[in-house]
Amino acid sequence: MFRDFDYYWQFEIDSRFTGHSYHLLEKSVEFAKRQPRKYLWERNAYFYIPGTHGIWQSFIKMVGSSMKDRESIWGPKGILQVTPVGPKPPVASPQDDDYEWGVGEEADLITFLPIFDPTDTQWLFKDMLWGMPEDVPRRTSPVAMGRISKNLLHQMHIVQIQRGIGFASEMMAPSLALWHGLKAVHVPHALYVDGKWTSKELGRIMNPGEPEKINGGPDSFWNWDHRWDRILYRLSYMFTTQTAEDFYRRWLGYPIDPNQFTDGSYHQDPQGLNWFESGDLREDLHGPLCFPSMLLHTVKNTDERKGSATAVPV
């Protein structure tokens, strides 16, 4: 409907940011623009964990070393139904590129969670596709928030309207970027993980699999088997989590009522899947919490008196 823009941001209404949104968007664009295309699809699949991977340049080198003698995405992952519109690689293989191609190039897709191959996982929507065979190459990024270029959006329009091809929303833009050879970047941002986890443990749990297919196998962190709910539900940004809302309510300065009803029951969670504020932090003695700029999702209750909506079933 609005064709005057080159790029479009999409955010869900149950997300919040504890900083200046302009800063988040501008820095995300700058980061994405700096990223080289060499092993970019492979890096996109990781949760970047500084305590595990070191600084960003060390992470790039680690992924590059792990991809030696392995097949990488280089240019369009062509399928018969689509004529790629993305640029052709300047050299035949990523081994011939010195992390130069793509630097300074705007990203057609920016996401805030990893972009992974769901075909061999138990991710809930992996086979939600229409007009395409089940073995079609595809990628997905949970939570449909981020930036999409006019070019990518137009290609999504063409395959849906003219060819009857459709994917689950979180799989559509990443898959089209893959087919067309368009630049897609997962932008890592500050995530809080509630629980006593070391960086090494998180790296092992959240980034399983072969280097060319991180989180793309039967042991994927994204499997819908609830094995890692005690991490997923206690992240500050995820497809569903209680921690984000409790953080946001603290940031608003709301007083804590540990006996407050939410879904008709008191705050009880013997499995440890949720984080609930008990009021023990004593802001009256120690002062209010100071938050860094953080993108939070999901936030269902923004009134001082909580309603019955909860992001995570208790």
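Attention here is on the structure that accompanies the text. (Residues numbered from 1 in each chain as written. Predicted model: local features only at pLDDT ≥ 70, side-chain atom pairs only at ≥ 80, totals over all residues. Heavy atoms only, no water.)

**A word on the environment of Leu296**
Move 1: Along the chain, Leu296 falls in strand β8 (residues 295-297).
Move 2: When neighbours within four sequence positions are excluded, Leu296 is seen to be in contact with Asp14, Ser15, Arg16, Thr18, Ser236, Tyr237, Ala244, Phe247 and Tyr248. (Helix = DSSP H or I, 4+ residues; strand = E, 2+ residues; numbered from the N terminus. Contact = heavy atoms within 4.5 Å.)

**Let's talk about a nonpolar patch on the surface**
Move 1: Together, Met1, Phe2 and Phe5 line one region of the surface with nonpolar side chains, adding up to about 470 Å² of accessible area.
Move 2: Relative to the helices and strands, Met1 resides in the segment before β1 (7-10). (Patch = residues over 30% accessible without salt bridge, like charges linked within 9 Å, V, L, I, M, F, W, Y side chains within 5 Å. Areas by Shrake-Rupley, 256 points an atom, 1.4 Å probe, with all protein chains shown as cover. Salt bridge = Lys/Arg side-chain N within 4 Å of Asp/Glu carboxyl O.)

**Focus: the packing of helix α5 (residues 150-161) against helix α6 (residues 169-180)**
Move 1: For the pair α5 and α6, the least separation of the axes is 10 Å and the interaxial angle reads 95°. One way to sum up the angle between α5 and α6 is to call them roughly perpendicular. Contacts between α5 and α6 involve Leu152, Gln155, Met156, Val159 and Gln160 from the former and Met172, Ala173, Leu176, Ala177 and His180 from the latter.
Move 2: The residue makeup of the contact of α5 with α6, split by class, is 7 nonpolar, 3 polar and no charged. (Axes fitted to C-alpha atoms, helices over the stretch in contact; angles between N-to-C directions. Parallel < 35°, antiparallel > 145°, perpendicular 65-115°, else oblique. Nonpolar A, V, L, I, M, F, W, Y, C, P; charged D, E, K, R; others polar.)

**A few points about the sheet that holds β1**
Move 1: Overall, mixed pairing links the 4 strands, which are arranged β1-β5-β3-β7 in an open sheet. At either end of the open sheet lies a strand with only one pairing partner, and these are β1 and β7 (184-186). Along the sheet, successive strands turn relative to each other by an average axial angle of 15°, direction set aside.
Move 2: Where β1 lies against strand β5 (residues 146-149), 4 bridges are found, and the strand directions are antiparallel. Counterpart to Gln10 in the pairing with β5 is Gly146. (Pairing = 2+ DSSP bridges.)

**Quick word on helix α1 (residues 21-34)**
Move 1: Along its 14 residues, α1 runs 20 Å from first to last C-alpha, staying within 8% of the 20 Å computed at 1.5 Å per residue.
Move 2: Of all the residues in α1, the buried ones are Leu24, Ser28, Val29, Phe31 and Ala32. Relative to the axis of α1, the buried residues are bounded by an arc of 165° and lie together on one face. The outward face of α1, more than 90 degrees from its buried face, is lined by the exposed residues Tyr22 and Arg34. (Expected span 1.5 Å × (residues − 1). Buried < 20%, exposed > 50% of the residue type's maximum accessible area, 1.4 Å probe, protein only. Arc of directions from axis to C-beta.)

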